[in-house]
Structures are given as C-alpha cells and as structure tokens.
Amino acid sequence: MQIEVDARRLAAELDQLASFSTSDPPSVTRIVFSDVDLRARRWLKELCCSAGLVVREDPVGNMIARWNAGDHDAPAVGTGSHIDAIPNAGRFDGTVGVLGGLEAIRALKASGFAPKRPIELLVFTAEEPTRFGIGCLGSRLLSGALDAEKAGQLRDQAGSTLDEVRKAAGFHGSLSNVRLTTNRHAAFIELHIEQGPILEQSRHQIGLVTSIAAPAALRVVIHGQGGHAGAVLMPNRHDALTGAAEIILAVERLAGASGALDTVATTGLCDVFPSAVNSIPSRVSLGIDIRDINLSRRDLLVEEIRKAIEGVSRKRALQCITEILNADDPAQCDRRILDVLRRCCEDEGVTHMELVSRAYHDSLFMSRIAPVAMVFIPCRAGVSHRADEFASLPDIANGVRVLARALAQLAS
Ligand code: HGY
Ligand code: MN
Ligand code: MN
C-alpha cells in the first residue's frame, strides 16, 4: 500500500493550530476551555468534517471524529491525542498526534483503502493539568479512572467548577455519560513527540513505547504566621515560604537519592500569600509532580516526601496540609500492536527502537479500556514544554506514515 502524506498541508495546519494561543510565538499557551481553545476546537472540527468524518463531542468536550467504514458495530481502531497546551509551551506536544492522526486517516482515504471496521480520531479534553490540577481529565472520564461527580466539582484558579466551565463552553449532559465501554476500541495508537532526548541521541527515526510512566501529583498548603517584615524579629518568625523552600529542596534531594534515574520529581507551582516584599509569607501552596516507571519506587518517594513535609512542619511550627491529587499506575503497551508497528516501520524503511515514555499521555488511561501503543518521533534536544520545542516535518511525516500503515493493518 502506498501511503502519501501531504506534509505541506500538515505543516500549514500545525502552524494554524499554533496560532490559537494567548502567548506570543513561538510559544503556545492554550488552556482548556479558554477562548483560544474553543476557537481551535471549532477549527479542528471543521477540518475533520471536511475529511468526511462524523464528529461527536461528549459532555466534557472530548471530540470523537469517526470514519464510519466497514462493520459499524465492530470495535473501532482509534488514534489521537490533545490540543491543550501549558503556559508558554511549544507547538508540537499533542498536536502532532491530533493533526498527524487526521493526516493518517486522510492518507488512507486517498489511497483507496477500505477499512473493515471504523477508524476514530480522538481529541481528549484537558490532557494538561494546568486549569483543573489533574492531567488527562478527558481520558480519565472516558476510561472510568475518575469519578464523574468528583470531576464536575474540580475547581480552577478562579474558583469555577469544571461543570460550570464546560457548560459555559457549550458542553452539556452528565459527565457519567462520558465513560466508554471496554469493547469500544479494538486498539488505540497515539503519535507523540518523545519529549526526551533518547531518539535523537540514538539517531532512530521512530520510538515504539513499551510502557508509560506512573505520575503522581501533590498539592501542599503551608500555613505560617506572617507579619510585618520589619517588626517581627527573626527568632519569632514562622515563615511559610522558607518552610516551602526546605520542602522544595527535600523533593529534589529525595528524588535524586532514589537509586534510579527513572525517578523524577518537580515542584512546578509555588503560590505565595500575601506576596508583598515587606510582609512575611503566611501561606504558600506548592504543586509537586512525582514520577517513576516503577510503581513501588514512585510510591516510596511520595511517602518520603510526605515525611519530609511533616519534619519541616514540626521544626518550624508550621501547619502543612498535603493532598494527593492523583497517583496513577503505569501502563504497559500491547505487544501485538507493537509487533504491527515494528513491521510497519520495516515496510516504511524507517529505523526504530523501543523505549519508555517518561511523560504521561492519554494513552495511559486509554490502556484501561483498550490495547494501546504509542509512536514517538524525535524532538530537538529532547526539549518540550518550552517555546523552543521542535519536531522536523520529515520526522513528523515518518510518524504519520507508520501510524497510517498500523491503523490500516488493525482495521483490516
Ligand atoms: O506532563 C506530562 O507528562 C504531559 O506532557 N502532560
Ligand atoms: Mn504536555
Ligand atoms: Mn502531550
């Protein structure tokens, strides 16, 4: 089968999607349900409809664009990813899997391939945790990994609930109707940039993901006493921010001391109150991201960090409230799909290697309701979640061709 990818059209679409952003180019900021996100969704929906796909959006805004071919009752073969982007991010994270997935479907249609079962492009809501504090919101609800009631009450920084925000964005209906049955998809394959340096360093063109790391996130609120920066003498202080600083350094130290390079932890959020130069911080909230491909090691680190927080709290007479926002299992990718992908790489004449995904993805949750695999392409110097994130068009086209071949094989 000859797969013709229209790389120029794909490049133009990636540029167009990147233009739906609240930050200046080359960075992209596209927070879920923001105006730019809603405009991007409308644009993408148009694109899917003009490709002859039937588009459905569920109560949380997951978009399912379906090529209703073959036996309509048969479990579909799915692909897809996300289009939301964290603040000041790059233009390839997620979007390569969405527009690349669409291009793979268009290439199959153009080749005259006739699937024996439907093929679907899924665009997941809120893969990034930016607005509601938990990542993969849409795929968690699709897979039943998150209680619908609890999800609806998640609040953003302005205090609005997910239910309020999604309904204002036009997504109605009960979140409990988002959940898909386990036999809805025969397979799900996500195309994504690696977001790490291994592929580029190893000079392989395609990465076949064998497992996806287990993410956990903590929110820690540290209460001190605050007070006047001039009047409160040092021995009498209970400074919430210096306590937070000790905790942040403990997170880094404990992750580094785990004995394995696969253990990582980051304090990516630090909000200080009242945030005035001449007022001792009375309250600090931290967002801590903890991951490992080994679940027990990840859980051990979470426990060690909790103990370190208690120690700082006692030592400095602070009050610390630690909440585990999520602590998910890792996902193993499906060997049968990986074998199909390996053969597709050989048919396409592209080099490939197996690797783990240290980033999490919607495939982590789709793996609970379908066999999954991921196709990685290199990104320059492994950089991601930064404005200078870059993937070359030939690398993207390689990923799309391998994906298209695999979708065809799995849908035959
Ligand atoms: O954080 C992650 O791993 C993903 O890029 N949201
Ligand atoms: Mn991301
Ligand atoms: Mn992503």
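Rules used in this analysis
Residues numbered from 1 in each chain as written. Chains lettered and ligands numbered in written order. Predicted model: local features only at pLDDT ≥ 70, side-chain atom pairs only at ≥ 80, totals over all residues. Heavy atoms only, no water. Helix = DSSP H or I, 4+ residues; strand = E, 2+ residues; numbered from the N terminus. Near = heavy atom within 4 Å. Polar contact = N/O pair within 3.5 Å; in protein donor to acceptor, adjacent residues only side chain to side chain. Areas by Shrake-Rupley, 256 points an atom, 1.4 Å probe, with all protein chains shown as cover. Nonpolar A, V, L, I, M, F, W, Y, C, P; charged D, E, K, R; others polar. Donors = N, O, S within 2.8 Å, 3.2 Å for Na, K, Ca; no water. Buried < 20%, exposed > 50% of the residue type's maximum accessible area, 1.4 Å probe, protein only. Axes fitted to C-alpha atoms, helices over the stretch in contact; angles between N-to-C directions. Parallel < 35°, antiparallel > 145°, perpendicular 65-115°, else oblique. Left-handed = near helix turned anticlockwise from the far one by under 90°. Contact = heavy atoms within 4.5 Å. Salt bridge = Lys/Arg side-chain N within 4 Å of Asp/Glu carboxyl O. Expected span 1.5 Å × (residues − 1). Arc of directions from axis to C-beta. Phe/Tyr/Trp six-rings, centres within 6.5 Å; stacked < 30°, edge-to-face > 60°. Lys NZ or Arg CZ within 6 Å of the ring centre and 35° of its normal. Pairing = 2+ DSSP bridges. Core = buried A, V, L, I, M, F, W, Y, C linked by side-chain atoms within 4.5 Å.

*Asks:* Please explain the environment of Gly 159 as it appears in this structure.
*Replies:* Residue position: Gly 159 is located in the loop between helix 5 (148-152) and helix 6 (162-168). On a C-alpha basis, the gap between Gly 159 and Phe 132 in space is 9.9 Å, while along the polypeptide they are 27 residues apart.

*Asks:* Whenever I open this one, the site of ligand 1 confuses me. Can you help?
*Replies:* Near ligand 1, the surroundings consist of Asp 93, Glu 127, Glu 128, Gln 195, Arg 291, Ala 359, Tyr 360 and His 385. The contact in question runs from a nitrogen atom of ligand 1 to an N or O atom on the side chain of Glu 128, over 2.8 Å. With respect to ligand 1, the backbone of Tyr 360 contributes an N or O atom lying 2.9 Å from an oxygen atom. Protein contacts shield 95% of the accessible area of ligand 1, which totals 210 Å² for the unbound molecule. Here the shell around ligand 1 is composed, by residue class, of two nonpolar, two polar and four charged.

*Asks:* Sorry if this is basic, but what is going on with the coordination of the manganese ion (ligand 2) here?
*Replies:* Each donor-metal-donor angle would ideally measure 109.5 degrees in four-coordinate tetrahedral geometry, or 90 or 180 degrees in six-coordinate octahedral geometry. For the manganese ion (ligand 2), every protein donor is listed as Asp 93 (OD), Glu 128 (OE) and His 385 (NE2), and the spread of their distances is 2.1 Å. Positions of the donor residues of the manganese ion (ligand 2), expressed as sequence spacing, correspond to D-x34-E-x256-H.

*Asks:* What should I look at first to understand the coordination of the manganese ion (ligand 3) in this one?
*Replies:* Here the manganese ion (ligand 3) is held by the protein donor atoms His 82 (NE2), Asp 93 (OD) and His 192 (NE2), which lie 2.1 to 2.3 Å from it. In the primary structure, the donors to the manganese ion (ligand 3) are separated according to the pattern H-x10-D-x98-H. The metal-metal distance between the manganese ion (ligand 3) and the manganese ion (ligand 2) is 3.6 Å, with Asp 93 serving as a donor to both. With Asp 93 in the loop between strand 5 (85-89) and helix 3 (95-111) and His 192 in strand 7 (residues 185-193), this pair connects stretches of sequence that are 99 residues apart. Across this residue pair, the class does not change: Asp 93 and His 192 are buried.

*Asks:* Explain the packing of helix 8 (residues 240-256) against helix 9 (residues 295-315) to me, please; I cannot follow it from the model alone.
*Replies:* Angle between the axes and distance between the axes are the two parameters that describe a pair of packed helices. Interaxial distance between helix 8 and helix 9 falls to 10 Å at its minimum, and their mutual angle equals 150°. Relative to helix 9, the element helix 8 lies roughly antiparallel. For the pair helix 8 and helix 9, the sense of crossing is right-handed. On helix 9, the residues that touch Gly 243, Glu 246, Ile 247, Ala 250, Val 251, Leu 254 and Ala 255 of helix 8 are Leu 301, Glu 304, Ile 305, Ala 308, Ile 309, Val 312 and Lys 315. When grouped by side-chain class, the residues that make up the contact of helix 8 with helix 9 number ten nonpolar, one polar and three charged.

*Asks:* Sorry, what's going on with the pattern of salt bridges here?
*Replies:* Side chains that differ in sign of charge can pair as their charged atoms come close. Counted according to the given criterion, the structure contains 27 salt bridges. The shortest N-O distance in the salt bridge between Asp 388 and Arg 386 comes to 2.7 Å. Salt bridges sharing common partners tie together Asp 6, Arg 9, Glu 13, Glu 103 and Arg 106.

*Asks:* Please explain the side chain of Thr 95 as it appears in this structure.
*Replies:* Tracing the backbone through its elements, the reader meets Thr 95 in helix 3. Sequence-distant contacts of Thr 95, defined by excluding residues within four places in its chain, comprise Leu 14, Leu 17, Arg 30, His 82 and Gly 100.

*Asks:* Whenever I open this one, helix 10 (residues 335-348) confuses me. Can you help?
*Replies:* A rise of 1.5 Å per residue sets the reference length of helix 10, with its 14 residues, at 20 Å; its end C-alpha atoms lie 20 Å apart and thus fit the reference within 8%. For helix 10, the full list of buried residues reads Ile 337, Leu 338, Val 340, Leu 341, Cys 344, Cys 345 and Glu 348. Along helix 10, the residues classed as buried sweep out an arc of 155° about the axis, all on the same side. The elements touched by buried residues of helix 10 are strand 7, strand 8 (206-212), strand 16 (352-357), strand 17 (372-377) and helix 12 (393-410). By the N-cap criterion, in which a side-chain oxygen at the helix start approaches the backbone nitrogen of a residue two or three places on, helix 10 is capped by Asp 334, the distance to Arg 336 being 3.1 Å. Residue Gly 349 follows helix 10 closely and has a positive phi angle near 70°.

*Asks:* Even after reading the chapter, I still don't get helix 2 (residues 35-50), so can you show me in this structure?
*Replies:* Residue pairs spaced three or four apart in an α-helix point in one direction, given the helix's 3.6 residues per turn. Here helix 2 contains 16 residues, and its C-alpha end-to-end distance of 23 Å stays within 8% of the 22 Å for a straight helix at 1.5 Å per residue. If you check which residues of helix 2 are buried, you get Val 36, Asp 37, Leu 38, Ala 40, Arg 41, Trp 43, Leu 44, Leu 47 and Cys 48. If you follow the buried residues of helix 2, they end up packed against helix 1 (7-18), strand 1 (28-30), strand 2 (54-57), strand 3 (63-67), helix 3 and strand 6 (119-124). Downstream of helix 2 by one or two residues, Gly 52 has phi in the positive range, about 80°.

*Asks:* Can you walk me through the packing of aromatic side chains in this structure?
*Replies:* The description of an aromatic ring pair uses the distance of the two centres, along with the angle that the planes make with each other. Tallied over the full model, the rule gives four aromatic pairs. For the pair Phe 124 and Phe 188, a centre-to-centre distance of 5.7 Å together with 75° between the ring planes defines the contact as edge-to-face. Highlighted residues: Phe 124 in strand 6 and Phe 188 in strand 7, separated in sequence by 64 residues. Phe 188 carries the same exposure label as Phe 124, and that label is buried. The positively charged end of Arg 283 is found above the aromatic ring belonging to Phe 273, 4.4 Å away from the centroid.

*Asks:* Would you take a moment to explain the sheet that holds strand 14 (residues 319-327) for this structure?
*Replies:* Sheet architecture is open: four strands sit in the order 11-13-9-14, paired in antiparallel fashion. Only two strands of the sheet have a single neighbouring strand rather than two, namely strand 11 (264-273) and strand 14. Pairs of neighbouring strands in the sheet enclose a mean axial angle of 15°, with direction left out of account. One ladder, built from ten bridges, connects strand 9 (residues 214-223) with strand 13 (residues 283-292); its direction is antiparallel. Bridged to Leu 218 within strand 13 is Ile 288.

*Asks:* So what exactly am I meant to see when it comes to the nonpolar core here?
*Replies:* The tendency in soluble globular proteins is for nonpolar side chains to be buried as a group. Within the largest apolar cluster, 101 residues are counted, with the highest numbers of intra-cluster contacts made by Leu 44, Leu 108, Ile 119, Leu 341 and Ile 396. The element contributing the most residues to this core is helix 12, with ten residues. Sequence-distant contacts of Leu 44, defined by excluding residues within four places in its chain, comprise Met 63, Ile 83, Val 98, Leu 99 and Val 123. Counting 21 residues, the second-largest nonpolar core is a separate cluster that includes Val 251, Val 284, Leu 301 and Leu 318.

Fair warning: the whole summary comes from geometry, so function is off the table for now.
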